[in-house]
Amino acid sequence: LANWAMACSCATPTLLENIYRSDFIAVAKILKITQDPVNKEYHDIEVKLLDVYKGDRTTKMKISSLQGSSCAFFTPVGTTWLIFASLNNDKLLTFHYCDGSEQIDRKFDLKTYPGLDQKHKNSIKLKLDVLKFFRNKKLTPADKTRLRISLPGEYLKNLKGFDGDHKDFTIYEYVVNEDMSVTDVKPVRDFK
């Protein structure tokens, strides 16, 4: 007798990874959700687009909802989301738990987590500012090497408690050669 248990696991994508691997990026309000009549793992949604950063305008998508699993994902009607969606095998825009999509108007228990609502708002605003910059400058990031960049834990410890300008960001363009050396580093947008 064997029992199997599987947990949802996905690496949290960076904003840059979301930008280049998504076919569609937008801020949208969820208007309607219906169960997919063929595949119970999916829900069909209708949205009102508030801003589009990448891809063709559309108001219909699919959510890989995976209800009943630890990867369950639900977007309540009336909520507003930053959506990172990709075309599935049927050429339908789909997003799910691991895509980096976030509820913009999320409510927090401020008694238990004081200040978390403002941190969330700052994080969303910074992401939207970066997305607007990419859209307005018509920049299309590419990652042909599928390189994943991460910061060692000690760097994050050094930033703990940092209370600088949460609205500022920088973007650098660089070339990664076949031997994984980095060349041609240049700022696209520098810190103010």
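This is a predicted model, so every value here is computed, not measured.

Rules and cut-offs
Counting restarts for each chain, with residues numbered from 1 along the sequence as it is written. Side-chain atom pairs in this predicted model are given and counted only at pLDDT of 80 or more, local residue features only at pLDDT of at least 70, and totals for whole chains, interfaces and linings cover all residues. Excluding hydrogens and water, the side-chain figures rest on all heavy atoms present in the structure. Counting from the N terminus, the helices are the DSSP runs of H or I reaching at least four residues and the strands are the DSSP runs of E reaching at least two. Whether a residue is buried, partly exposed or exposed follows from its accessible area with a 1.4 Å probe, protein chains only, as a fraction of its type maximum: under 20%, in between, or over 50%, in that order. Any two residues whose heavy atoms approach within 4.5 Å at even a single point are treated as in contact. Think of a 1 Å grid over the protein atoms and nothing else: a 1.4 Å probe that fits but is trapped marks a cavity, an open set flanked by protein within 12 Å on at least five of seven lines marks a pocket, and residues with an atom within 4 Å of a point count as lining. Grid points are joined across faces, edges and corners, and a volume is the space filled by probe spheres set on the points. Gly falls in the polar group here, along with every residue not listed as nonpolar (Ala, Val, Leu, Ile, Met, Phe, Trp, Tyr, Cys, Pro) or charged (Asp, Glu, Lys, Arg). By this definition, two strands are paired if DSSP reports at least two bridges between them. Known as pLDDT, the predictor's per-residue confidence is scaled from 0 to 100. Salt bridges, as used here, are contacts in which a Lys or Arg side-chain nitrogen is within 4 Å of a carboxyl oxygen on Asp or Glu. The span you would expect from a helix comes to 1.5 Å times its residue count less one.

Q: Can you lay out the overall build of the chain for me, pointing to particular residues and giving the numbers?
A: Secondary structure assignment for the chain yields three helices and eight strands. The linear arrangement of helices and strands in the chain, starting from the amino end, is α-β-β-β-β-β-β-α-α-β-β. Expressed as a percentage of the 192 residues in the chain, the buried residues total 31%. A separation threshold of at least 6 residues defines the contact pool for the chain, and within that pool the share at least 24 residues apart is 52%.

Q: Help me get a handle on the layout of surface pockets, residues and values and all.
A: Estimated volume of the second largest pocket: approximately 540 Å³. Those elements that provide at least two residues to the lining of the second largest pocket are helix H1 (15-21), strand S4 (80-87), strand S6 (102-103) and helix H2 (116-136). In terms of residues, the lining of the second largest pocket owes the most to one element, H2, which gives four residues. Of the residues belonging to the lining of the second largest pocket, the class tally is 10 nonpolar, eight polar and three charged.

Q: Outline the pairing of S4, supporting the account with residue identities and numerical values.
A: Summarising burial for S4: six of the eight residues are buried, a large majority. Across six bridges, strand S1 (residues 24-35) lies against S4 in antiparallel orientation. Within S4, the position partnered with Phe24 by the bridge is Ala85. Alignment of S4 against S6, held across two bridges, turns out to be antiparallel. By the bridge assignment for S6, Trp81 is matched with Gln103. The pairing of S4 with strand S5 (residues 93-96) spans two bridges and is antiparallel. In the strand pairing of S5, Leu87 is matched with Leu93.

Q: Quick one: what's the story with the confidence of the model for the chain, residue by residue and with numbers?
A: The predicted coordinates should not be examined in detail at positions where pLDDT is low. With 83% of its residues at a pLDDT of at least 70, the chain reaches an overall mean of 84. Predicted confidence in the chain is weakest over helix H3 (residues 153-159), with a mean pLDDT of 71, and strongest over S1, with 95.

Q: A description of the pattern of salt bridges should follow, citing residues and the corresponding values.
A: Enumeration according to the criterion identifies five salt bridges in this entry. The partner of Asp44 in a salt bridge is Lys62, and the shortest N-O contact between them spans 2.3 Å. Of this pair, Asp44 sits in strand S2 (residues 42-54) while Lys62 sits in strand S3 (residues 60-64), and the two are 18 residues apart along the sequence. A relative accessible area of 22% means that Asp44 is categorised as partly exposed. Between Arg135 and Asp51 there is a salt bridge, with its nearest N and O atoms 2.6 Å apart. Taken together, the residues span a long stretch of sequence, with Arg135 in helix H2 and Asp51 in strand S2 at a distance of 84 residues.

Q: Describe H2, with residues and values.
A: Every α-helix winds through 3.6 residues per turn, so residues three or four apart in the chain are directed the same way. Between its terminal C-alpha atoms H2 stretches 30 Å, which fits the 30 Å expected from 21 residues at 1.5 Å a residue. Turning to H2, its buried residues are His120, Ile124, Leu128, Asp129, Val130, Leu131, Phe133 and Phe134. At the exit of H2 stands Lys138, carrying a positive phi of roughly 55 degrees.

Q: Help me get a handle on unusual backbone geometry, residues and values and all.
A: The phi angle at Lys138 is positive, at roughly 55 degrees, despite the residue not being glycine. Mapped onto the elements of the fold, Lys138 is located in the loop between H2 and H3. Residue classification places Lys138 among the exposed residues on the basis of a relative accessible area of 73%. With a phi close to 70 degrees, Met180 is a non-glycine residue in the positive phi region. Within the secondary structure layout, Met180 lies in the loop between strand S7 (171-176) and strand S8 (182-189). Taking the relative accessible area as the measure of exposure, Met180 reaches 47% and is therefore partly exposed.

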